[in-house]
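Here's the letter readout for the chains.
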Amino acid sequence: MTDPSPEAVPRAVPVRRSRDVPALVEAARAGDPRAVARLITLVEDGDEVLPQLAAALAPLTGTAQVIGLTGAPGVGKSTTTNELVRTFRKAGRRVGVLAVDPSSPFTGGAILGDRVRMQDHATDPGVYIRSMSSRGHLGGLSAATPQAARVLEGAGCDPVMVETVGVGQAEVEIAGLADTTLVLLAPGMGDAVQAAKAGVLEIADIFVVNKADRDGADATYRDIQGMIGLGERAPGQWRPRVVRCVAARAEGIDDVVTAIDEHREWLEHSGELQRRREQRAAAEVEAIALGALRARMKDLRSGTELAALAAEVAQGRLDPYAAAAALLAQLDLA
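Residues numbered from 1 in each chain as written. Predicted model: local features only at pLDDT ≥ 70, side-chain atom pairs only at ≥ 80, totals over all residues. Heavy atoms only, no water.

Peer 1: An account of the layout of surface pockets is requested, with residue identities and associated values reported.
Peer 2: Counted as a void, the second largest pocket has a volume near 610 Å³. Taken together, 26 residues form the lining of the second largest pocket, with E202, I203, A204, D205 and R276 sitting closest to its centre. In terms of residues, the lining of the second largest pocket owes the most to one element, helix α9 (residues 272-301), which gives 5 residues. A breakdown of the residues in the lining of the second largest pocket according to their chemical character gives 13 nonpolar, 5 polar and 8 charged. (1 Å grid on protein atoms, 1.4 Å probe; cavity = no way out; pocket = protein on both sides within 12 Å on 5 of 7 lines; lining within 4 Å. Points joined across faces, edges and corners; volume = space filled by probe spheres on them. Helix = DSSP H or I, 4+ residues; strand = E, 2+ residues; numbered from the N terminus. Nonpolar A, V, L, I, M, F, W, Y, C, P; charged D, E, K, R; others polar.)

Peer 1: Provide a residue-level description of the packing of helix α10 (residues 305-314) against helix α11 (residues 320-329), including the pertinent values.
Peer 2: Geometrically, a packed helix pair is captured by the angle between its two axes and the distance between the axes. With their axes 10 Å apart at the nearest point, α10 and α11 run at an angle of 165° to one another. Viewed along their axes, α10 and α11 adopt a mutual orientation that is roughly antiparallel. Here α10 and α11 pass one another in a crossing that is right-handed. Each of E305, L306, L309 and V313 in α10 lies in contact with α11, whose residues at this interface are P320, A323, A326 and L327. For the contact of α10 with α11, a count of residues per class yields 7 nonpolar, no polar and 1 charged. (Axes fitted to C-alpha atoms, helices over the stretch in contact; angles between N-to-C directions. Parallel < 35°, antiparallel > 145°, perpendicular 65-115°, else oblique. Left-handed = near helix turned anticlockwise from the far one by under 90°. Contact = heavy atoms within 4.5 Å.)

Peer 1: Requested: an account of the packing of aromatic side chains, with residues and values cited.
Peer 2: Two aromatic rings are characterised by how far apart their centres lie and by the angle between their planes. If you walk through the whole model with that rule in mind, you get 1 aromatic pair. Between the aromatic rings of W238 and W266, the centroid separation amounts to 5.9 Å while the plane-to-plane angle is 45°, which identifies the pairing as tilted. Within this pair, whereas W238 is found in the loop between α7 (217-230) and β7 (241-244), its partner W266 is found in helix α8 (residues 253-270), the two being separated by 28 residues in sequence. It is R244 that lies over the ring of Y221; its NZ or CZ is 3.7 Å from the centre. (Phe/Tyr/Trp six-rings, centres within 6.5 Å; stacked < 30°, edge-to-face > 60°. Lys NZ or Arg CZ within 6 Å of the ring centre and 35° of its normal.)

Peer 1: So what's going on with the packing of helix α1 (residues 21-29) against helix α2 (residues 33-44)? Residues and values would help.
Peer 2: Closest axis-to-axis distance for the α1/α2 pair is 8 Å, and the angle between their directions is 130°. It follows from the interaxial angle that α1 and α2 lie oblique. With respect to the hand of their crossing, α1 and α2 are arranged in left-handed fashion. Of the residues in α2, those in contact with L24, V25, A27 and A28 of α1 are A35, V36, R38, L39 and L42. Taken together, the residues that form the contact of α1 with α2 break down as 8 nonpolar, no polar and 1 charged.

Peer 1: How would you sum up the sheet that holds strand β3 (residues 127-133)? Please name residues and give values.
Peer 2: Taken in spatial order, the 7 strands of this open sheet run β3-β2-β4-β1-β5-β6-β7, and their pairing is parallel. Only two strands of the sheet have a single neighbouring strand rather than two, namely β3 and β7. Between one strand axis and the next, the sheet turns by 20° as a mean value, whatever way the strands run. Sheet analysis places strand β2 (residues 95-101) next to β3, joined by 7 bridges and oriented parallel. Its bridge partner lying in β3, V97 is registered against I129. Taken strand by strand, α8 contacts β1 (66-71), β5 (180-185), β6 (206-209) and β7, and its axis lies near 165° from that of β7. (Pairing = 2+ DSSP bridges.)

Peer 1: Quick rundown of α7? Include the residues and the values.
Peer 2: For α7, with 14 residues, the first-to-last C-alpha span of 20 Å sits near the 20 Å given by 1.5 Å per residue. Turning to α7, its buried residues number three or more, namely A217, T220, I224, M227 and I228. The buried residues of α7 occupy an angular sector of 100° when the element is viewed end-on, so they sit on one face. For α7, the exposed residues set more than 90 degrees away from the buried face come down to R222, G229 and L230. (Expected span 1.5 Å × (residues − 1). Buried < 20%, exposed > 50% of the residue type's maximum accessible area, 1.4 Å probe, protein only. Arc of directions from axis to C-beta.)

Peer 1: Describe in detail unusual backbone geometry, supporting the description with residues and values.
Peer 2: P159 follows D158 through a cis peptide bond whose omega is 20°. Residue position: P159 is located in the loop between α5 (145-154) and β4 (160-163). Unlike most non-glycine residues, K211 shows phi in positive territory, near 55°. Checked against the element boundaries, K211 lands in the loop between β6 and α7. Even without glycine at this site, A250 takes up a positive phi of about 60°.

Peer 1: Please give an account of the side chain of D205 that cites residues and values.
Peer 2: You can see D205 is positioned in the loop between α6 (192-196) and β6. Within the structure, the side chain of D205 is placed 2.9 Å from the backbone nitrogen of T181, a separation counted as a polar contact. (Polar contact = N/O pair within 3.5 Å; in protein donor to acceptor, adjacent residues only side chain to side chain.)

Peer 1: Summarise the pairing of β6; cite the residues concerned and give the values.
Peer 2: Both faces of the sheet carry side chains from a regular strand, because those side chains alternate between them. Burial along β6 is two-sided: the face carrying I206 and V208 and the face carrying F207 and V209 are both buried. In this sheet, β6 lies alongside β5 in parallel orientation, the contact comprising 4 bridges. Bridge assignment links L185 to a residue of β6, and that residue is V209. Pairing of β6 with β7, which is carried by 4 bridges, proceeds in the parallel orientation. Bridge pairing in β7 places I206 opposite R241. Handedness of the crossover joining β6 and β7 through α7 is recorded here as right-handed. (Right-handed = clockwise from strand over helix to strand, strands pointing away.)

Peer 1: Could you give an account of the pairing of β5, naming the residues involved and the relevant values?
Peer 2: β5 sits mainly inside the fold: 6 of its 6 residues count as buried. The alternating pattern of β5 places T180, L182 and L184 and T181, V183 and L185 on opposite faces, both of which are buried.

Next comes the structure, spelled out in structure tokens:
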């Protein structure tokens, strides 16, 4: 989708509390950032119009490139994202960014600070940046991130970039959402043993050694190359790239974009792109079904059946598996 001209954007559409899905989608397609914001808010709030919204977005999605950026806190994810946006914009592409920040386990609040580092694009109508709170969701993303990415794609953004919460070794959910996953590293990440451990390093399609002007960058680069060399790959399988950059000075960003383009070409020619997107769709369908099932379970929990079964289990008159089977029998799964 080409960038909208100021005259084309429907500035008069009242969207602040609108739930008119067709009008909001039309305005979002025309480039109205308020309509995009309202649609993502409906997604985050779990509004009852979500099925209608998903149906409206379905014909508009399925082609945009989804790029995930993850890594430990402080490796420069937001700065790298900012420079990638700049490069994509120079190529005339309309860019959407979802930046996920952690929620406080005590207050539930969050400082949505990623956009502070992306102020260069605040007035660019061809860039839409949305900060999202994780709302306690584990895995480095928010539960609403997949549908929010669909909103940005439906609004004509390509690529859609998803920056995760600063993650540890086990937060790998981004790999199920992105077509291409970038894992950012920085000097001082640890020794070669740390690099060889299972977890987030295994999901990378591209490793980006940021802050490559610092001491230890060469050692980090060698450690990651060594880890990659330990893996077994079938003929034609993608070998993760390792790229150096200094995002704060925009050095090496073109090399990162080249690696992203190479991976996209491999995805398309190998058939892996379709496979990944089918897996992503399956995960979305499963999550929606499980959400509906949890809602029904909550209804049962508020009644007397679960309490009675729990009392039986606690007193040893019934085992938990039999109790669970009895509870499931109360659900109408037709």
